[in-house]
Structure formats: structure tokens, C-alpha cells
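The chain contents come next:
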There are 4 protein chains.
Amino acid sequence: MSSNSLGKIYRLTTFGESHGKAIGGIIDGCPAGIELTEVDIQQDLDRRKPGQSSVTTERKESDIVQLLSGTFEGKTTGTSIGFIIPNKDQRSKDYSAIKDVYRPSHADFTYESKYGIRDYRGGGRSSARETANWVVGGAVAQKIINTVEIDISCYVSKVGSIEMLESDSFFTDAEVDVSIVRCPNQSVSTKMIALIEETKKQGDSIGGAVSVVIKNDVVGLGRPIFNKLSADLSHALFSINAVKSVEIGIGKSTTELKGSEQNDAFTIENGKVKTSSNNSGGVQGGISNGQDILITISFKPPATISQKQFTVSTSNEQVDIEVEGRHDPCVVPRAVPVVKAICAMVLADHLLLKRTDKIE
Amino acid sequence: MSSNSLGKIYRLTTFGESHGKAIGGIIDGCPAGIELTEVDIQQDLDRRKPGQSSVTTERKESDIVQLLSGTFEGKTTGTSIGFIIPNKDQRSKDYSAIKDVYRPSHADFTYESKYGIRDYRGGGRSSARETANWVVGGAVAQKIINTVEIDISCYVSKVGSIEMLESDSFFTDAEVDVSIVRCPNQSVSTKMIALIEETKKQGDSIGGAVSVVIKNDVVGLGRPIFNKLSADLSHALFSINAVKSVEIGIGKSTTELKGSEQNDAFTIENGKVKTSSNNSGGVQGGISNGQDILITISFKPPATISQKQFTVSTSNEQVDIEVEGRHDPCVVPRAVPVVKAICAMVLADHLLLKRTDKIE
Amino acid sequence: MSSNSLGKIYRLTTFGESHGKAIGGIIDGCPAGIELTEVDIQQDLDRRKPGQSSVTTERKESDIVQLLSGTFEGKTTGTSIGFIIPNKDQRSKDYSAIKDVYRPSHADFTYESKYGIRDYRGGGRSSARETANWVVGGAVAQKIINTVEIDISCYVSKVGSIEMLESDSFFTDAEVDVSIVRCPNQSVSTKMIALIEETKKQGDSIGGAVSVVIKNDVVGLGRPIFNKLSADLSHALFSINAVKSVEIGIGKSTTELKGSEQNDAFTIENGKVKTSSNNSGGVQGGISNGQDILITISFKPPATISQKQFTVSTSNEQVDIEVEGRHDPCVVPRAVPVVKAICAMVLADHLLLKRTDKIE
Amino acid sequence: MSSNSLGKIYRLTTFGESHGKAIGGIIDGCPAGIELTEVDIQQDLDRRKPGQSSVTTERKESDIVQLLSGTFEGKTTGTSIGFIIPNKDQRSKDYSAIKDVYRPSHADFTYESKYGIRDYRGGGRSSARETANWVVGGAVAQKIINTVEIDISCYVSKVGSIEMLESDSFFTDAEVDVSIVRCPNQSVSTKMIALIEETKKQGDSIGGAVSVVIKNDVVGLGRPIFNKLSADLSHALFSINAVKSVEIGIGKSTTELKGSEQNDAFTIENGKVKTSSNNSGGVQGGISNGQDILITISFKPPATISQKQFTVSTSNEQVDIEVEGRHDPCVVPRAVPVVKAICAMVLADHLLLKRTDKIE
């Protein structure tokens, strides 16, 4: 039982508030013998960091990870990997104004009610700054799943009502990063950017969706009954701030299908069992079947907007609030590397767990 | 790490195949002093059992639970509660025909690939028969959450494209059970039943959705970072066979909203902090805020249909398959008590965990 | 978090009171492909069952295990293995006399204080009857560790002040079972039996010790920091009723040694790294080093004696107590198969976990 | 499953090698509202730090803890508490000589065999430097248990064959620290110091024992079956480097007692149920009974000695070894605060868990 930990064998445990000295974590259960330096992780962190484009928050964090343990002469040793990411650009003064008020649809009210105390600076532990820790955990996890050629593609497939249709295609990070909004369809991307910029001007924010396509030949990831791959992915993805739905395969639209339409017929391709369609999204009975794993994650618009809103104070009085701080007008572009990291960690965990399936 | 267990403090561990001698489980962490007899559980089991109406499978299981431990003189003792549900109507002969073939969109292929062996009778461990165990766990969990007046409403809100709109309203089990399809809107229910019966005649199956509305005054259920109430609910719900999406609050449609539309303004009602809208679905920052918890779960159409399908054999040859056995043409009516049980277990777990939030 | 579960990957969860309908458990994480029938388990259960000789309790339990799931056509399938052992010879009336009184050095007082309720019949959940469940878990675990030729020897090395000196030697179960007290040194065994019978006549009971010698060529069982093999063995062994100390290797007498005496010099034997002495008891830095794993476990005399004792009632009054029921005058002979089962489960768990040590 | 974590609710996860940049950890599950600053922790760290007296190693580490998260305005917030302790005096050159050789009775061989790689500098992760992390976890835990007036006394009761007899008495830290060897009996202490100094001169090391007496009025700490207080204490204590035995209550000498001698008669004292003797050591049926909790822990002599020893090289050749580095001639004086910290963490965990025992 550890509310700040993710995973069974490959396990990330984290700490850190938005405006504390540092955030960080510990990776437990990482196999020995993996080549690992801070450089491997930094490129993923750079994809997540704030201030990277006109569609993200202007808050700047250099987000430099320091590995403190668990490697020796450039390789993992099997012992726990501790790391920190110092906080730099904190501007705590920005937040003193909201110290006595609950920002609408933030975690201010629930945290203070639960614990009787709240670090109000930047949302404290509820800040999405935490997701930088996950990117570190995900970067290491990717080294594990790369050994069996599992490859994860994540990109923005929807912003507001602007949607990219081919959302079960695989795109490389390089292809995705051509667009600052991280939508690999360039004409759709252009419309998304325009919508976000327009929304930002209005002092408002906008929702969106991230699509995941995981190339995976490994049949057998996931365990019955309560460690289904789909369930563990969903749990981990719902841990990301602002997620409101997770869909596997054909997702919500399955409700309108008949079995004869939904079922994925098995076929033989190059001597391997494959399916002729992939409505299941690569998971059957909670276990990977060797087809692409398909996931769609919906994100709500960021709760922080510049418009005046109604709320209550910590002394239960009705008040207005106008938040000044810097914020993302749309969370999905920066969510892309976070979603990728989360998926990598779940897959690495199940890949290791899979080693114990059969007697030798 | 236990793939057959759900929960941290209140924890259900299960076993059982569709056609073994019995299924069953162990409830660990149930507080002492709860009045509990088999009668309390049986009424929930009866809501789930097969053969109950024209829209469910004709397979009949009496599904009688036997409590084997953990109670004394009608009360829980704090020790683990063991129970079994003997299997009765097994008809294993029905399944010998599919012993050497992978049924499309079933777990036959993934289980056999993973473990090198598969109990092909009725799907073995991958059968939804397992969910009877969860109903037992849920019935006990409901006794825990009832002490703080948490109350769960579950019902069918969609079958195929027939949808009930008022899916954030609370209905009692009695109101829900007026309809054999468990949709509390009677005109919608009538259409759903007609659609299911028509689908059944075609030897086909159909998808659907279950809505959950949880009355909950307890602020503070759920823990940052990886035991968010929403994430734990999602994990548990995705453990149910055939689930393809989970949405919290406004769910997937949040993608199209602006922050100014999505945000739930705080207000004071009768001295309590409430919100004037509930797009968050009762969970903010992963923690309950005292509003109704709103969830929508999408189920795919049952994979078992009577039509001829293409598939492969266990010796990797392309074959046709025509399945004879009995099956549900639509899973959602019987999923209702299962969803309720799952939600009850997650809430009971978090209610107990909440006792450790603050120093005394 | 599950107080009724043991192990990480290979995990036993149990239930059952001394006088309920049945005891039983669930084995999770057992690899697929192991040949397993009830016969394999029964022989271990028979070694533990009451009523087997003049030095054990006269209570008779046939202790027949029923496997309810997790095997198919004689092999494990990778799914959870449920089992029950029905209770037969319960004689609950024996215990009504102690319903309102706390038996000295039993768990009556602590259970009732903790939970506010107590199944007083035969000690309820605190009864050593629970250990029959562990023997089942251990029998399956032994099939796992036998694949790498780990072999466990357990025997009685001390009863009262009668001690067997060569307690780091390996004896087979057959050699051990020549003696009803399960001490493989026949002259020592004879004295132990005489002492137990004499003690029994006095209506008293007597303590003793069990020695464990595990032949194990696997270097690398155990994990830093909090899953050391020694620590996990100690935890599991201290879970056995009446255990008051656990020693690894030279154990307590290490306090009087100098480093130059204690240290085990490394040598090369047949191309393998071995040590010329084994004061470490096969574990260094918490990890197995390929030497025999040596453990000594001390058991207190059974708390149930026939003599009159002073105690208090549940209404906090000073009373006398004279217990009538049947009981073991010395626990160690029947503890031998229990200790063996416990060790087997810990080793099987670590053997599976070891598969995740390195990247492939 | 996390090999670097201790505890269920109150849970410490750690990282760090002897000669890396820093060691550190994360405390999860600490209740909100506890007053906590680094000063509270530092005094405990100072009791453990090396170089504090003539009977400890000369290696000097300032061991300054930095809290990185989890507190706000001097109080815990309920979120995870991250901390680091930078490594200072590393002198890695000392260790290059042992890079290709396995030091006898160290973890060099087992780590390298297990993981295929080993940070040989100062033992890497197997170094007792890790225990500084535990002292941090223990300092916070003590704040939790102090709220119910649980109070832990730890002291050295044995060095070599010099033994302090009154080892079930309670002594304050101040009383214990009068002696540099941390034995509160001054005449015994003087002899112990002489023995350690003599041993050090010989380039040798010596074993010893630590006694624990925990004043605890809380009846009900510990859970059946596999979270017995005694078993969890034993597991945690066996995680400490060099521990070879753990005894609860009368411990190993129980083997020679009769039940009539061992049993602790219940009595009424000031309206509370107490026992007239305490052979059980405060734990019955695995659950605290309100008597002092008594534990004895045996430590082997430190494996590092200055004398020439036989061993093998990493290329499996027989070699001599003479270790130069600084080391403790006897581990028990510095083990005292570590044992205290470990016990505090186990007790805090069970105290929090106890809140979920009964329905409210």
C-alpha cells in the first residue's frame, strides 16, 4: 500500500510539491545491466517541460534530473534508482492571493478538507509538476521495453472539437514533434494551434485528447483478474491530472456495435496468429494479443483560467476569484510525453512480471 | 502483488473457473462488528445470476454463497472471510468442440499463449462467472459504506444506439429492477428490450453502457498520487469483462469544453461547500468533494455469438467456428450488480484508508 | 496490504477458524505447467495432522484438502488455486467454559481487545489449525523449488533441555519420521519422547526447537534492502504460533565471536565459489550464497495446560481456570512440516522474483 | 512488491549507495498535522553517525538531512516526504583495491552473482550507510507513536561475552548515551569498551546484542495471520546489516521452559488487564497486550577486519586480502539508534493500521 507508488515489480515512488526545493522519486525493481545516464532521460524531460512553445505555460523550469543512485559505470546495478529534479522558477508570491480561497475545479478544497492543511503554492502536491517525475520513470522503463521492441506512439488527436481521424496510426516522436501541439496531421495541427491561441486570448482554456498506439509483438502481457493490462493502463492514465476518460481499442463506440461487427477474427500472418481487425485494441481477456495496443485519453480543459469565477473561501464565504499565475491554455501537447511515460512504466512492469508465468 | 486481489485495506482475493467445483474468495481487512449473514449477500447474487430473464443467458446457476469463516454469532470478527459458491449447471460437454480453437475476441488465445495451457471449459478463469465473487465482496463492502450513508445507484443507460438521457439521476435498486434490462426509464427500457430480443434472434449480440451515480457526503476519499479515487475506480471497473471505456463526470465530452464551461463553481449550501455544477463528477484532484460521483462504463457486445465466424485453431490453421453454448445477447443488465459491487469495494477501501489521514 | 497473505509473487492468502465449517486458502502467482493433484499435498498434510502419535494432541482431524481451481488435467494453469480443508471433529462444547475468560498466554485477550469480539471456540483464527493451510501452500511451493533442486530438511533439535548437537546436518523426511518426535538422532529422540510423556502426565507442556538445513545451489535469492532472504524467512517463521526466536546461521552465539572467527573464507570447489565455514548460514547481505541455509526456530511450550491457572474474566474479574480440551504437550513434532512449508513458500517466492534481476 | 520499502500504511522507501552523491528516501502514508522540521530528525542522525567515539569507525560523515517535500509551515501535509542525506567523506580510492575480490562475509559475492554488476565502493547498496535513511524514517515515526505515549528504549546489552543482566529495564536515551558503547550499566559498559578497544588493536572485530524495551499501553497492535507485530518487527530487524537472531520476550530460553513456567497469568492492575510475568514480551497471538514489548537482537562481528584473510577473486582465483579502510570494531553502539528507528516505524505502521479494526 503506497499511494505515491506505481507498479508491482518495476515500481516508481515519488515526492514533491510544485514550489518545494525539489521533486523526485525512487525506481525500484529495475533490472541490472541497463545502460543509463542522465542524458537518456533529459530528452524526454525536455519534451514535457513548461515554456517550450506558444501553446504552453510560460512558467520556465529547466527540469534537470540528477541520478543519485542505482547506476555504476553507466549501468543499472539492480538497486533502487533515486533521482531529484530541483525546482527553480518558483515565484511563490504569485500564489499568496489564493491562499485563503478554493480555486474552482482544482484540488484545493479536497486536499484541505482531507488533510486539514494545504500547501497552496502552485497546487502543492496536486500540481502537474509531479508528472516530470513520471517522465523519468518512463524513460528508464522504455529502455526495458525496447529490449523486446515494444514501441509507443503518443500524439494529440483532438483539441476542442478539432479532431484527427487516423488516430490508430503509428507516428514517431520526431513526426509528432514537428507540430508544437504534437498532432502529426499538419492541417489539423494548424487548426488546433489557432484554437488554442484564440482560447488563450480569451483567458480561457480548452480540452483535448491524446491517442496512443503501441507496437507490441509480445503476447501475454497482463494478468487475470485484477492486473489486466487494460485495467492497469487505465489506472495509471487516470492518475494523470485532468484525465476524464480512458478508452481501449474502439472504446466508447463499442456500445453501438453488434458482436458480429466488434469481434476481431483471428488469422495467420507470417506464421503468427493475428486478427483481421483490431477493435479489441490489442488486449483480450485483459492480456495483450500481439496487435497494436490502442488507447484514447480525454483531458479536461485546465482549471486555471484568467476569467473571474465564483468560489468560496477557506472560511466558507462566497467570493470571486481572478487567478493571475501562468498556466497552460490546453494540457494535451505537454501531456504527450507524460502519457508515453505512464504507458512505458505499465508495460515494463508487466514485461518483467511475465517472466514468472510458467515453470521452467 | 497479487493479480487476483482488489483493494488495499479492504481486500478481496478470488479463485475459480467457470466449470470447476466452485468459485470463491477471501475478504481481508473487513472491520469487526458488522452484522453479516449469507442472506445479506444472497439478494445481490440473485440480481447477477444467469437465467433471470429473457434478455440474459439461459444457463442456470443457483449461485448460493456459503460463508466459511470470519463471522461469529452473526457479526464479522475482523478475521478473513472465506466463502465459496459451488458450480452447479456445468454441461462441460458443450465446450469440447472449442477445445482446439480460439474463439474470436475471447481470452482463449491470450491465455493459452501466456500460460501454455488453458481450461477451455466455458472460458475457465476468464469467464464472467468470476464476477459472482465480486458481488459477494461488494455486498459486504456496502455494509461498510452504508455506515456513512454512501449510496450507489447503477443502471443501464445505453443499449446499442438507444440511450437514456437523464443518466446523472439517482435510482434505487427497486426502481432499476422494474425493468428486466435494468434501465429505469420505462419507455427507453422497452426499446432496449426489443433491440436485445431482435439481436438474439439474429444470433448476434449488442453493446451497451452502465451509469453510476453515488450519493456521497464524505469529502476526502482517494489519495494523491497513485490511489486517486477516480484511478482506483477506473482500474476496478476495467477489470470487469467486456469493459472498453470508463468516464468520470462529464467524461469524454470534456474534450470539447472550455475551462469556463467545465469548471464547477464552489457555493455554500446549508453551511457545506458544494458546487453549482458537477462536471468533475464528484472527484477533484483524485479526491471526493462531496458531490455525487458520476461514472459511465461502456461494455462491448458479448464475443459469443451464434453466427459462423473465421478464426484459427490451436495448431495455427484457419478454421470456421460456430458456437452452440448459451450466452447473454447483451451483458449490461447483469453487469449492473457487478458494477455496483466493484464501486462499493473501492469506496469501502478508501473509507477505511481515510481513517489514517491525520494525526489524532 | 493483506494481513492474511504471505509472499510477493508466489502468494498464499488464507481464511478459517478452528471450529468453522472449513479452513482454506488461495495460492496466487503459481506458475503454469506444474503437475499437481491433491495426492501431492495430502502426504504433507498427514505429517501435520493431529492425533498422529502419543506425543501430539488427541484431537483427530482427517484434514483432507480439496483443490477447487487453478489446475486442469493435472497441471497448474497459472490462475489462482483455491482450496478448502473441511473441519470435522469440532466438539465446540469443549470451549463454552472458556467463553468468558482469557486463557493465559493465549490470544483470547488480545483478539477480544482489538476487535471487540472473539470466536472463542478453539481459539478461532488464532488456532494453529491455520497452519494446515500453510502446508498446502508449502506443498505446491516445493514443486517450484524442486525444479532447481532446492531441498529442505526440518527436524526437532531440542525439547526442553534435551538437545541434538549435529543440527546443521541434512536429514530426509523419511529419516526424520522414524522418530515420532521427529528428531533424527535416535538416542536423543528417545529422551525427548520420555520427557514429553512425563510432561503430559503432569498436565504440563514443554518448549523446543526446530532446525532447518536447506540445500541450495542458487546464488542470488533475496533482495536488498527490505526483502532480504533472511528477513523474509524470519517474518514468515515468526508467523507460526508459539515462535519466540529465529536464528540464521550461527545465530545468537555470534555475539561472542570475533570477526576473524565468524568470517566465512571464500574458496573454490569444483569451479564454484564456496565458503570453508558456514557461520553466515547461507545468506550474506540478505542474499543466498550457495551454501546450506541454516535456521533455528525456538517454540514456547503450548499455552494450554491442564493445571489450574490464575487469569481474568472478560468482565475483568480475577478467576481460576482449568482447561479440559485436548492439546499438544509439545508443539515441535507437528511444527516440523509447518516450518518446512513456510520455508518452501519463501524460497519459491524469491526464486520467481529472481527471474527479474537482470535485463535480458 | 517493493524491495526497498518498509511498512504498509506508514511506508519508507529508500535509495543510496555508500559512495554515491547522496542517499535518501520517501516516507509515504505519514498522517497530516505532525510538527516536523529537520532539527527533529538531526538529533537521531547524530546518534548514528560515524566517527562519534573511540569505539566506532573513524569515517566521518556530517549526515545532514534535507527535507524536500511533505511539510508546509512546519507541519506534515499528508503528502509524501522526500529527503536526502548528501554523501561527503567518500574516499573512493580506498576501495579500488577490493574491486576484483570478494571480501569474506560481505555482500560482494552475492550482489555480483545476482546482478552481474557491483558498486564495490564501500559495499555500495549493501553498506550500513543505508541505515541513516531508516533513522530519518524512524524519527518521523516516533512523532506518531508519541501521540499515544509509546516509548522505545534501546541499548547495548552484550559485547562478546560481556553481558548486562537487567535487559528488560527501561532506560532513556540520555541514560543510554552516558556510555559511548551505549550500555546503561556503567560497570558493564567499562568492560565492553575495554574489550572493543582491545579487539580493535588486534585488527579484529566483535559481536554483540541490543535489547529493546517498549513501553506500550496500546492493546491491539499487530494483525493475524501474516502481520503479527512480532513477525513484522522480526522482519524489519533482520533487515539491519549483521543481525543473526531476533528474540521476542523470553526468546530462545523458552525452549527449556514448561507451560506452567512460561505462561503469563492475567491480573487486574488499576482496572486494566495486565500480566504478572512478561515471558511473552508484550505480544500474544501476534498482537500487543499492553505489557512492555521485549526484544533482543544479536549482531555478528563486523566482517571488515584488518587481518589477512583468504578469499577468491572475481575471476575465481584463490587470493589473500588485507582490507585497509576504516570500519567499526563492533557494530552495536551505532546500531542502537537504528534498532530504535526500525521499531518506531513498525509500531507507527501498526498504530495507523489499527484505526481500521472495527466498524464505527
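Within each chain, residues carry numbers counting from 1 in the order of the written sequence. Chain A is the first chain written and ligand 1 is the first ligand written, with later ones labelled in order. Note on the predicted model: pLDDT of at least 70 is required for a residue's local features to be given, and 80 or more for side-chain atom pairs to be given and counted; whole-chain, interface and lining totals, by contrast, use all residues. Only heavy atoms go into the side-chain values, all of them from the structure, while hydrogens and water stay out.

Brief notes about the environment of T131(D)
Residues and elements named next belong to chain D. Filter applied, for reference: Runs of H or I in DSSP of at least four residues are treated as helices and runs of E of at least two as strands, each being numbered from the N terminus. Burial classification: accessible surface area is computed with a 1.4 Å probe over protein chains only, and a residue below 20% of its type maximum counts as buried, one above 50% as exposed, and the rest as partly exposed. Two residues form a contact once any of their heavy atoms are found within 4.5 Å. Polar contact is the term for a pair of N or O atoms within 3.5 Å; when the atoms are in protein, one must be able to donate a hydrogen and the other to accept it, and sequence-neighboring residues count only if both atoms are side-chain atoms.
For T131, the position within the fold is in helix 3 (residues 131-146). By relative accessible area, which is 4% here, T131 ends up buried. Considering only alpha carbons, one finds T131 and S239, 108 residues apart in sequence, at a separation of 9.7 Å. When sequence neighbours within four positions are dropped, the list of residues in contact with T131 reads R48, N241 and V338. At 2.8 Å, the side chain of T131 forms a polar contact with the side chain of R48. In this structure the side chain of T131 is engaged in a polar contact, spanning 2.6 Å, whose partner is the backbone oxygen of A128.

So, the pattern of salt bridges
Residues and elements named next belong to chain A. This is how it is decided: Any carboxyl oxygen of Asp or Glu within 4 Å of a side-chain nitrogen of Lys or Arg constitutes a salt bridge here.
Tallied over the full model, the rule gives 96 salt bridges over all chains. Here R48 makes a salt bridge to D63, at a shortest N to O gap of 3.3 Å. Placement of R48 in helix 1 (residues 38-48) and of D63 in the loop between helix 1 and strand 4 (66-67) is noted, with a sequence separation of 15 residues between them. Overall, R48 belongs to the buried group, its relative accessible area being 3%.

A short note on the side chain of D349(B)
All names here are of chain B. Worth spelling out the cut-off: In this count, Lys and Arg are taken as positive residues and Asp and Glu as negative ones, while His and the chain termini are left out.
Inspection of the secondary structure assignment puts D349 in helix 8 (residues 332-353). Of the side chains with opposite charge, K8 lies nearest to the buried D349, which makes no salt bridge, at 5.4 Å. Within the structure, D349 has its side chain in polar contact with the backbone nitrogen of K8 (distance 2.7 Å). With near-sequence residues (within four places) excluded, D349 lies in contact with G7, K8, I9 and Y10.

Remarks on the sheet that holds strand 2 (residues 11-15) of chain C
Residue and element names in this part refer to chain C. This is how the line gets drawn: A pair of strands is treated as paired once DSSP finds two or more bridges between them. Axes here refer to lines fitted to C-alpha atoms; in helices the fit is confined to the stretch in contact. Angles between the N-to-C directions go from 0 to 180 degrees.
Taken in spatial order, the five strands make up an open sheet running 1-2-3-7-4, and their pairing is antiparallel. Where the open sheet ends on each side, the last strands, each with one partner, are strand 1 (5-6) and strand 4 (66-67). In terms of strand pairing, strand 1 meets strand 2 through two bridges, oriented antiparallel. Within strand 2, the residue paired with L6 across the bridge is L12. Strands strand 2, strand 3 (22-28) and strand 7 (81-86) of the sheet are contacted by helix 3 (residues 131-146), whose axis makes an angle of about 30 degrees with strand 3.

Some words on the packing of helix 6 (residues 229-238) of chain A against helix 6 (residues 229-238) of chain B
As a reminder, the rule being used: By definition in this entry, angles of less than 35 degrees are roughly parallel, angles greater than 145 are roughly antiparallel, angles of 65 to 115 are roughly perpendicular, and the rest are oblique. Handedness of a crossing is defined here by the sense of rotation of the near helix relative to the far one, left-handed for an anticlockwise turn of less than a right angle and right-handed for a clockwise turn. The classification used treats Ala, Val, Leu, Ile, Met, Phe, Trp, Tyr, Cys and Pro as nonpolar, Asp, Glu, Lys and Arg as charged, and all other residues, Gly among them, as polar.
In contact at an axis separation of 8 Å, helix 6 of chain A and helix 6 of chain B are set at 165 degrees when each is read in the N-to-C sense. Taken together, the axes of helix 6 of chain A and helix 6 of chain B lie roughly antiparallel to each other. The way helix 6 of chain A lies across helix 6 of chain B gives a crossing that is right-handed. Here S230(A), A231(A), D232(A), S234(A), H235(A) and F238(A) of helix 6 of chain A come into contact with helix 6 of chain B, specifically with S230(B), A231(B), D232(B), S234(B), H235(B) and F238(B). Classifying every residue of the contact of helix 6 of chain A with helix 6 of chain B by side-chain character gives four nonpolar, six polar and two charged.

A look at the relation of the copies chain B and chain D
Put simply, the second copy of the chain is the first one after a rotation about an axis and a shift along it. Heads up, the condition is: We place the copies in one frame by least squares, fitting the C-alpha atoms of every residue whose pLDDT is at least 70 in both.
For these two chains of identical sequence, chain B goes onto chain D by a turn of 180 degrees and a shift of 0.0 Å along the axis, with RMSD 0.0 Å. The operation mapping one copy onto its partner corresponds to a two-fold rotation axis. Comparing interface residues between copies, 100% of those in chain B also sit at the interface in chain D, which points to an isologous, same-surface contact.

Observations regarding the interface of chain B and chain D
Put simply, the rule is: Here the buried area means the combined drop in accessible surface, using a 1.4 Å probe, for two parts upon being joined, counting both sides.
Counting from both sides, the interface comprises 18 residues of chain B and, opposite them, 18 residues of chain D. Between chain B and chain D, roughly 1,600 Å² of surface is buried when both sides are summed, and carbon and sulfur atoms account for 61% of that area. Together, R355(B), T356(B) and I359(B) form the three largest contributors to the area buried by chain B at its contact with chain D, with a combined 42%. Counting every contact that joins chain B to chain D gives two salt bridges. Here R355(D) ties to E360(B) by a salt bridge, and the two come within 3.7 Å at their closest N and O atoms.

Thoughts on unusual backbone geometry
Along the chain, P224(A) connects to I225(A) via a cis peptide bond; the corresponding omega equals 5 degrees. Assignment of secondary structure puts I225(A) in the loop between strand 10 (208-215) and helix 6. Despite not being glycine, A242(B) shows a phi value in the positive range, around 80 degrees. Relative to the elements of secondary structure, A242(B) occurs in the loop between helix 6 and strand 11 (243-248).

Section: the packing of aromatic side chains
Our working rule: Stacked, edge-to-face and tilted are the three classes for Phe, Tyr and Trp ring pairs, Trp counted by its six-membered ring, which pair at centre distances within 6.5 Å; planes under 30 degrees apart are stacked, over 60 edge-to-face, the rest tilted. Only when the NZ atom of a Lys or the CZ atom of an Arg is both within 6 Å of the ring centre and within 35 degrees of the ring normal do we say a charge sits over the ring.
Within the structure shown, the criterion is met by 28 aromatic pairs over all chains. Ring plane angle 90 degrees and centroid distance 5.3 Å describe the contact between F72(B) and Y120(C), whose orientation is recorded as edge-to-face. Taken as a pair, F72(B) in strand 5 (residues 71-72) and Y120(C) in the loop between helix 2 (108-115) and helix 3 lie in two separate chains rather than in one. For F72(B), a relative accessible area of 7% translates into the label buried. Residue Y120(C) is classed as buried on the basis of its relative accessible area, which comes to 13%. Here the aromatic cluster, defined as three or more aromatic residues joined through ring pairs, consists of Y102(A), F109(A) and F266(B). Against the face of Y115(B) rests K114(B), its NZ or CZ located 5.5 Å from the ring centre.

Observations concerning the interface of chain A and chain B
Listed as interface residues are 103 residues of chain A and, on the opposing side, 103 residues of chain B. Taken together, the two surfaces of chain A and chain B that pack against each other cover about 8,400 Å², and 59% of this comes from carbon and sulfur. Among the residues of chain A in contact with chain B, K114(A), F226(A) and F266(A) are the three that bury the most area, contributing 11% of the side total. Among the ionic pairs, K252(B) bridges to E247(A), the shortest N-O distance being 3.0 Å. The tally of links between chain A and chain B comes to 56 residue pairs in polar contact (both at pLDDT 80 or more). Among the residues forming the side of chain A that touches chain B, the class breakdown is 36 nonpolar, 47 polar and 20 charged. As paired strands, strand 11 (residues 243-248) of chain A and strand 11 of chain B are joined by three bridges and run antiparallel to one another. Bridge pairing in strand 11 of chain B places V246(A) opposite V246(B).

Considering the side chain of R334(C)
All names here are of chain C. Among the structural elements, R334 can be located in helix 8 (residues 332-354). Among the polar contacts listed, one links the side chain of R334 to the side chain of D328, at a separation of 2.7 Å. For R334, the contacting residues outside a window of four places in its chain are R48, K49, P50, Q52, T56, T57, R182 and D328.

Remarks on the environment of D328(C)
Residues and elements named next belong to chain C. Assignment of secondary structure puts D328 in the loop between strand 18 (318-321) and helix 8. On the basis of relative accessibility, which here comes to 12%, the residue D328 falls in the buried class. Residues D328 and K200, 128 residues apart in the sequence, show an inter-C-alpha distance of 8.6 Å. With residues up to four places along the chain from it excluded, the contact list for D328 reads V55, T56, T57, P302 and R334.

Notes on helix 1 of chain A
Listing the buried residues of helix 1 of chain A in full gives I41(A), Q42(A), D44(A), L45(A), R47(A) and R48(A). The secondary structure elements touched by the buried residues of helix 1 of chain A are strand 4, strand 7 (81-86), helix 3 (131-145), helix 4 (173-177) and helix 8 (332-354) of chain A.

Notes on the sheet that holds strand 1 (residues 5-6) of chain D
Strands pair in a sheet through their backbones, by hydrogen bonds, and they do so in one of two ways: parallel or antiparallel. Residues and elements named next belong to chain D. Strand order in the open sheet formed by five strands is 1-2-3-7-4, and the pairing between neighbours is antiparallel. Two strands close off the open sheet at either side, each with one partner strand: strand 1 and strand 4 (66-67). In terms of strand pairing, strand 2 (residues 11-15) meets strand 3 (residues 22-28) through five bridges, oriented antiparallel. By the bridge assignment for strand 3, R11 is matched with D28.

Digging into the packing of helix 3 of chain A against helix 8 of chain A
Two numbers describe a pair of packed helices, the interaxial angle and the distance between the axes. Residues and elements named next belong to chain A. Running from N to C, helix 3 and helix 8 cross one another at 45 degrees; their axes reach a closest spacing of 7 Å. By the angle between their directions, the pair helix 3 and helix 8 is classed as oblique. Of the two elements, helix 3 crosses helix 8, and the hand of that crossing is left-handed. Of the residues in helix 8, those in contact with T131, W134, V135, G137, G138, A141, Q142, I144 and I145 of helix 3 are P337, V338, K340, A341, I342, A344, M345, L347, A348 and L351. In terms of residue class, the contact of helix 3 with helix 8 is made up of 14 nonpolar, four polar and one charged.

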